[in-house]
Amino acid sequence: MGLVGVTLLAGNTLDAKPKEEETEAIEFDAMLYDSTRCVGCQSCEAACAEAHQLPPQTDELKVGVERKTNETRRTVINQFNIGGTDLFIKSQCMHCNTPACAAACLTQAMYKTKEGPVIWRADKCMGCRYCMVSCPFDVPKFEYFSANPKIVKCDMCYDRQKQGLLPACAENCPAEAIVFGKRRDLMKEARKRIVENPDVYVDAIYGENEAGGTGIIYLSSVPIDQLGFNTKLQQSSYPELSKGFLFSVPSIFVLVPPLLLGIYEATKKNRNKEGEENEY
């Protein structure tokens, strides 16, 4: 309460300028998905499930049947038939450069790492699910039927990356439709492929600017909206819409997240105590 009073009386606003070292360009890790090379083998799905101890996927691909990510699968392949040709597209978390889910998370449980992947941290989550509501790609999923529910989504195999390994899907794609690397390098590679093969690719890179730019970028032989992607997203990041408001209300911006996290921690301890008492 004292901190709130001091903040309001002083009338100071937060300094929105990042530290000098934070203004330097950070080159995020990213993945390039070339749909013209995908054969729909679903090896990426199987590798992802194995890497994250998820149940194996047994449903087959069918044209007209949209498969979505959920609490038991972090990536999916869908099949389309365009002009008599079967095409495949992979879906997962887009790992936005400035993710709306992380901006909406009051306790920083949803977090954009300095390396690029957007991860979920269980020890900080209070279960509000704002990340699910805010995501323009409808990615984060909640384990509704679990006694200890989690938010589930692709994390670009962040733990594997820290061990010097590739994301499981990229490592196990036999057609090399998935390429892992630095975003800047992958953007150059995508543009090179378009220039060198203008009859193969549509002159567009999905994820270059959508929602402010994403860590998963796509090449396609047909307009990407024909493969189920939303092409009406704004080109700037969604957190930009609320940044002015947040910085005009400093006390709320600073104090509400710690307050909510404190409530969460307190109630968690109470639940643990009740569980111990019930055991007796």
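These remarks concern the structure in this document. All values derive from a computational prediction rather than experimental measurement.

This part is about the nonpolar core. Tyr33, Phe137, Ile178, Tyr206 and Tyr218 are the most contacted members of the largest nonpolar core, which totals 31 residues. Elements supplying a minimum of two residues to this core: strand 1 (29–34), strand 3 (85–91), helix 6 (168–171) and strand 9 (216–219). Broken down by element, this core gets its largest block of residues, three residues, from strand 3. Among residues more than four places away in sequence, those in contact with tyrosine 218 are Tyr33, Ile89, Lys90, Ser91, Gln92, Met94, Ala204, Ile205, Tyr206, Ile224 and Phe229.

Another aspect to go through is the pattern of salt bridges. Scanning all chains against the criterion turns up 13 salt bridges. One salt bridge in this structure joins lysine 162 and aspartate 159, with 3.7 Å as the shortest N-O distance. Separated by three residues within a single helix, lysine 162 and aspartate 159 lie in helix 5 (residues 158–162), roughly one turn from each other. Residue classification places aspartate 159 among the partly exposed residues on the basis of a relative accessible area of 47%.

With that out of the way, let us pick up the sheet that holds strand 1. Within a beta sheet, neighbouring strands are joined by backbone hydrogen bonds and run either parallel or antiparallel to one another. The sheet built from three strands is open, its strands ordered 8-1-9 with mixed pairing. The open sheet is flanked by strand 8 (178–182) and strand 9, the only strands paired with a single partner. Pairwise comparison of adjacent strand axes, ignoring direction, gives a mean angle of 25° for this sheet. In the sheet, strand 1 pairs with strand 8 via five bridges, with the strands oriented antiparallel. Bridge assignment links leucine 32 to a residue of strand 8, and that residue is valine 179. Across the sheet, helix 7 (residues 183–196) touches strand 1, strand 8 and strand 9, and the angle it forms with strand 8 is around 130°.

If you trace the backbone, phenylalanine 88 turns up in strand 3. Judged by relative accessible area, phenylalanine 88 falls into the buried class, the value being 11%. Residues phenylalanine 88 and serine 35, 53 residues apart in the sequence, show an inter-C-alpha distance of 6.2 Å. If sequence neighbours within four positions are ignored, phenylalanine 88 has contacts with Tyr33, Ser35, Cys38, Val39, Gly40, Leu61, Ile77, Asn78 and Gln79.

Bridge analysis of strand 2 (residues 76–82) against strand 3 gives seven bridges, and the strand direction is antiparallel. Bridging from a neighbouring strand, asparagine 78 pairs with isoleucine 89 of strand 3. Counted along the chain from strand 2 to the antiparallel partner strand 3, the turn is two residues long, and its residue glycine 83 has a positive phi close to 60°.

Turning our attention to the side chain of glutamine 79. Along the chain, glutamine 79 falls in strand 2. Residue classification places glutamine 79 among the buried residues on the basis of a relative accessible area of 14%. Aside from chain neighbours lying at most four places away, what touches glutamine 79 is Leu61, Lys62, Val63, Gly64, Asp86, Leu87 and Phe88.

Under the counting rule described, the total for this entry stands at five aromatic pairs. A centroid spacing of 5.5 Å and a plane angle of 65° characterise the contact between tyrosine 33 and tyrosine 218, whose relative ring orientation is edge-to-face. With tyrosine 33 in strand 1 and tyrosine 218 in strand 9, the pair connects residues that are 185 residues apart, well separated along the chain. Of the two residues, tyrosine 33 and tyrosine 218, both sit in the buried class. Ring geometry for phenylalanine 142 and tyrosine 144: centres 4.9 Å apart, planes at 70°, overall edge-to-face. Connected via pairs of aromatic rings, a cluster forms that spans Tyr33, Tyr206, Tyr218 and Phe229. One residue, lysine 112, lies across the ring of phenylalanine 28, its end atom 4.3 Å from the ring centre. When the ring centre of phenylalanine 142 is taken as origin, the NZ or CZ atom of arginine 129, which lies over that ring, is 4.5 Å away.

Each value, and the rule that gives it
Residues numbered from 1 in each chain as written. Predicted model: local features only at pLDDT ≥ 70, side-chain atom pairs only at ≥ 80, totals over all residues. Heavy atoms only, no water. Core = buried A, V, L, I, M, F, W, Y, C linked by side-chain atoms within 4.5 Å. Buried < 20%, exposed > 50% of the residue type's maximum accessible area, 1.4 Å probe, protein only. Helix = DSSP H or I, 4+ residues; strand = E, 2+ residues; numbered from the N terminus. Contact = heavy atoms within 4.5 Å. Salt bridge = Lys/Arg side-chain N within 4 Å of Asp/Glu carboxyl O. Pairing = 2+ DSSP bridges. Axes fitted to C-alpha atoms, helices over the stretch in contact; angles between N-to-C directions. Phe/Tyr/Trp six-rings, centres within 6.5 Å; stacked < 30°, edge-to-face > 60°. Lys NZ or Arg CZ within 6 Å of the ring centre and 35° of its normal.

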